[in-house]
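# A structural walkthrough
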Amino acid sequence: MAEVAFLFDGGALVDATAAGRRLLQYATSRGTDMARLVAFLAPRFPDLHARVQSCGENDRMLLLSSDNRARLRLESRSGRLRIVLEDVQDDQSETMDRHSQAVLSAELDAHRAVSENTPIPIWRLDAGGHVTWANGAYWALAERAGLSDAVAPGGFPVLFPGVSEVTLPAGATHRLQLVVPDCVDPLYFDASVALVGRERLLTAIPADAVVGAERNLREFIQTLTQTFAHLSVGLAIFDRRRELTLFNPALGDLLGLEVEFLVARPPLMRFLDHLRERNMMPEPKDYKSWRQRMTDLESAATDSGKSETWTLPDGRTLRITGRPHPDGAVAFLFEDISSEIRLSREYRTELETGHAVIDTLDEAIAVFSADGRLGFANRAYRRLWAGETAARRGVPFLEASRQWQQQCAPSPVWGDARDFAAEMSGRSTWHAEVRLADGRPLVCRFEPLPGGGTMAGFSDPPGQSLQPRAVGRKAPAKRASAGA
């Protein structure tokens, strides 16, 4: 069999046998001639890379292949390295026929074409963390980073120093970064590891877009956090897994929650359980019904939004509003409405007291809003116009005045009253006297109210001798004759 021998000076091939040159043609990886040969033979001689690097002047080494069918002789002399590949004589060895060799050669070419044209970096590391093989994308990245020129003879550029079995174990995925001169920001990669014999095969998928999206998301969340930090309303956003992902300081202040608890990203139900333990929600009759109520609150907030009012044991009142967010997330707003509820109760009490006082008056009083609808009528009014639609809440002034007119003798007062109620400005209080259908006199009083409302009052004339008069403005001629 023809001798397969190579002579290298540094990393360059200076001489080789014919068989050696044919063999070197199969070494299609990038790098120096020696690096190509080492990468080609490394699968059969796993320690070849380290041995070539450690080979000193006048050293001789003998390496046996992993299948024990070949050996390599390394001889260093006068700064040159001679490598000889020999077959181990074995009577039981079989010579491969040319057809099998052709099939394997074609398969090898196909695998090389795939690895060289794959656009993502792929390389192999030995147990010592040294690169023993790399595809074209890896070499192109090394050239872009300016690392390919300083490669030692027989070696490969190291793109990611520090990557080893400890930092990147098999089966794991790790985020790697590489600084290149033509980019302001580093290039990022997600590297996965697979075991190949005693070596590891690494595949690095570009992750610049993912890193950019993550950075934008962090900046957006920081912006939201800074914005929400000034709100007095407590905010809690739970992701699709119902874990707390965003909250503002007001949430902890309002509910008395520890920052450590919130930072731990508790699930929604754990969050609600913690509120219940701290008496920050209405005390339920039983835990089962409370749990179902919280589940309903979550479901309603996820679907279309939900709002509840909680009266706490400490006397405060909270409004809890749940809103659905994209991607299955849900947000809860916690607002202290104790002052609002207190003011509402005080206003309602004052209103009820005012109505009760007005109900004690003998004068029949009806109050109409700015849009001309009856808002309130006292007991005397309902008694005066008993059984009539004029006392129905919400009845228009026009319809009520027609009811008054039907129960009284003909008079121009009602037309003036309708005009008065329709005016929006320049109004003053005025009186007029009309007679009921049974002949009894009745004094009508019309008052302008703030906001455009109108009050109508009806009472008996004192001494049965009250003459029609205008207050604040001159009464129309027809009003002056209303009681004549």
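One can find the structure itself at the top, above this paragraph.
The residue numbering used here restarts from 1 in each chain and proceeds along that chain's sequence as written. Given that the model is predicted, a residue must reach a pLDDT of at least 70 before its local features are reported, and side-chain atom pairs must reach 80 or more before they are shown or counted; all residues, however, enter totals for whole chains, interfaces and linings. With hydrogens and water stripped out, all remaining heavy atoms of the structure feed into the side-chain values.

Turning our attention to the side chain of Asn 248. Relative to the helices and strands, Asn 248 is located in the loop between β12 (244-247) and α7 (249-255). For each residue, the accessible area found with a 1.4 Å probe, counting protein chains only, is set against the maximum for its type, and the residue is called buried under 20%, exposed over 50%, and partly exposed in between. The exposure class assigned to Asn 248 is buried, which follows from its relative accessible area of 1%. A 3.5 Å cut-off defines polar contacts: any pair of N or O atoms within that distance qualifies, except that in protein one atom must be a possible hydrogen donor and the other a possible acceptor, and neighbouring residues in sequence count only when both atoms are side-chain atoms. Separated by 2.8 Å, the side chain of Asn 248 and the backbone nitrogen of Leu 235 make a polar contact. Any two residues whose heavy atoms approach within 4.5 Å are treated as being in contact. Setting aside anything within four residues of it in sequence, one finds Asn 248 in contact with Phe 228, Ala 229, Leu 231, Val 233, Gly 234 and Leu 235. Here a strand is any run of E in DSSP of at least two residues, a helix any run of H or I of at least four, and the numbering for each starts at the N terminus.

As a further point, take the nonpolar core. The biggest cluster of nonpolar side chains holds 27 residues, and the ones touching the most others in it are Phe 368, Tyr 381, Trp 404, Phe 446 and Phe 458. Elements supplying a minimum of two residues to this core: β16 (364-368), β17 (374-377), α12 (379-384), α13 (397-406), α14 (413-422), β18 (430-435), β19 (441-448) and β20 (454-459). Of all the elements, α14 adds the most residues to this core, at five residues. Excluding its chain neighbours within four sequence positions, the residues that come into contact with Phe 368 are Arg 373, Leu 374, Gly 375, Val 395, Pro 396, Phe 397, Ala 400, Trp 404, Gly 453, Thr 454 and Ala 456. Buried residues of nine kinds, namely Ala, Val, Leu, Ile, Met, Phe, Trp, Tyr and Cys, make up a nonpolar core once their side-chain atoms join them within 4.5 Å.

So, on to the sheet that holds strand β3 (residues 60-64). Here five strands make up an open sheet; going across it, the order is β2-β1-β5-β4-β3 and the pairing antiparallel. On the outer flanks of this sheet lie β2 (12-16) and β3, each paired with one strand and no other. Here the average twist between neighbouring strands, direction ignored, is 20°. For strand β1 (residues 4-9) and strand β5 (residues 80-87), the ladder comprises six bridges, and the chain directions are antiparallel. Within β5, the residue paired with Ala 5 across the bridge is Val 84. Here helix α2 (residues 33-41) sits on the sheet in contact with β1, β2, β4 (70-77) and β5, set at roughly 140° to β1. For two strands to pair, DSSP has to find at least two bridges joining them. Helix axes are fitted to C-alpha atoms over the stretch in contact, other axes to C-alpha atoms as well, and angles between N-to-C directions run from 0 to 180 degrees.

With that settled, consider the pattern of salt bridges. In a structure, side chains of opposite charge can pair up when their charged atoms sit close to one another. When a carboxyl oxygen of Asp or Glu lies within 4 Å of a side-chain nitrogen of Lys or Arg, that pair is called a salt bridge. Under the definition given, this model contains 24 salt bridges. Between Arg 278 and Glu 258 there is a salt bridge, with the nearest N and O atoms lying 3.0 Å from each other. Note that Arg 278 is positioned in the loop between α9 (268-277) and α10 (287-303) and Glu 258 in the loop between α7 and α8 (259-263), a separation of 20 residues in sequence. Glu 399 serves as the salt-bridge partner of Arg 392, at 3.8 Å between the closest nitrogen and oxygen. By relative accessible area, Arg 392 is classed as partly exposed at 44%.

A residue counts toward a patch only above 30% relative accessible area and without a salt bridge, and it is joined to like-charged neighbours within 9 Å or, for Val, Leu, Ile, Met, Phe, Trp and Tyr, to nonpolar neighbours within 5 Å. The Shrake-Rupley method, run with a 1.4 Å probe sphere, supplies the accessible areas, and residue values consider only the shown protein chains as cover. Among the surface-exposed residues, Leu 217, Phe 220 and Ile 221 lie close enough to one another that they form a single nonpolar patch of about 280 Å² accessible area. Here Ile 221 is to be found in helix α6 (residues 208-228). Ile 221 gets classed as partly exposed once you look at its relative accessible area, which sits at 33%.

Turning to the state of the cysteines, a few remarks are in order. By convention in this document, the label disulfide applies to cysteine sulfur atom pairs within 2.5 Å. Per the counting criterion, the structure on display carries zero disulfides. A disulfide-free cysteine, Cys 408 has its sulfur positioned 6.6 Å from the sulfur of Cys 444, the nearest such atom.

Turning to the pairing of β1, a few remarks are in order. Pairing between β1 and β2: four bridges, direction antiparallel. In the strand pairing of β2, Phe 6 is matched with Ala 16. Two successive antiparallel strands, β1 and β2, enclose a turn made up of two residues, where Gly 10 displays a positive phi of approximately 70°.

Turning to the packing of aromatic side chains, a few remarks are in order. Pairing of aromatic side chains here covers Phe, Tyr and the six-membered ring of Trp, requires ring centres within 6.5 Å, and sorts the geometry by plane angle: under 30 degrees stacked, over 60 edge-to-face, intermediate tilted. Tallying each qualifying case throughout the model produces 20 aromatic pairs. Seen from their ring centres, Trp 139 and Phe 156 are 5.9 Å apart, and the 50° between their planes marks the pair as tilted. Here the residue Trp 139 occupies a position in helix α5 (residues 136-144), and Phe 156 occupies one in the loop between α5 and β8 (173-178), the gap between them amounting to 17 residues. Judged by relative accessible area, Trp 139 falls into the buried class, the value being 4%.

Turning next to the sheet that holds β8. What the five strands build is an open sheet, ordered β7-β6-β10-β9-β8; its pairing is antiparallel. Edge positions in the sheet fall to β7 (131-134) and β8, since each of these pairs with one other strand and no more. In this sheet, adjacent strand axes meet at a mean angle of 30° when their direction is disregarded.

Our next topic: unusual backbone geometry. For Asn 58, which is not a glycine, the phi torsion comes out positive at approximately 65°. Its location among the elements puts Asn 58 in the loop between α3 (48-54) and β3. Positioned with a positive phi, Ser 78 is a non-glycine residue whose angle comes to about 55°. Tracing the sequence through the fold places Ser 78 in the loop between β4 and β5.

Of all the residues in α14, the buried ones are Val 413, Trp 414, Asp 416, Ala 417, Phe 420 and Ala 421. Down the axis of α14, the sector holding all buried residues measures 155°, keeping them to one side. Relevant arc is that of directions from the helix axis to the C-beta atoms, nothing else.

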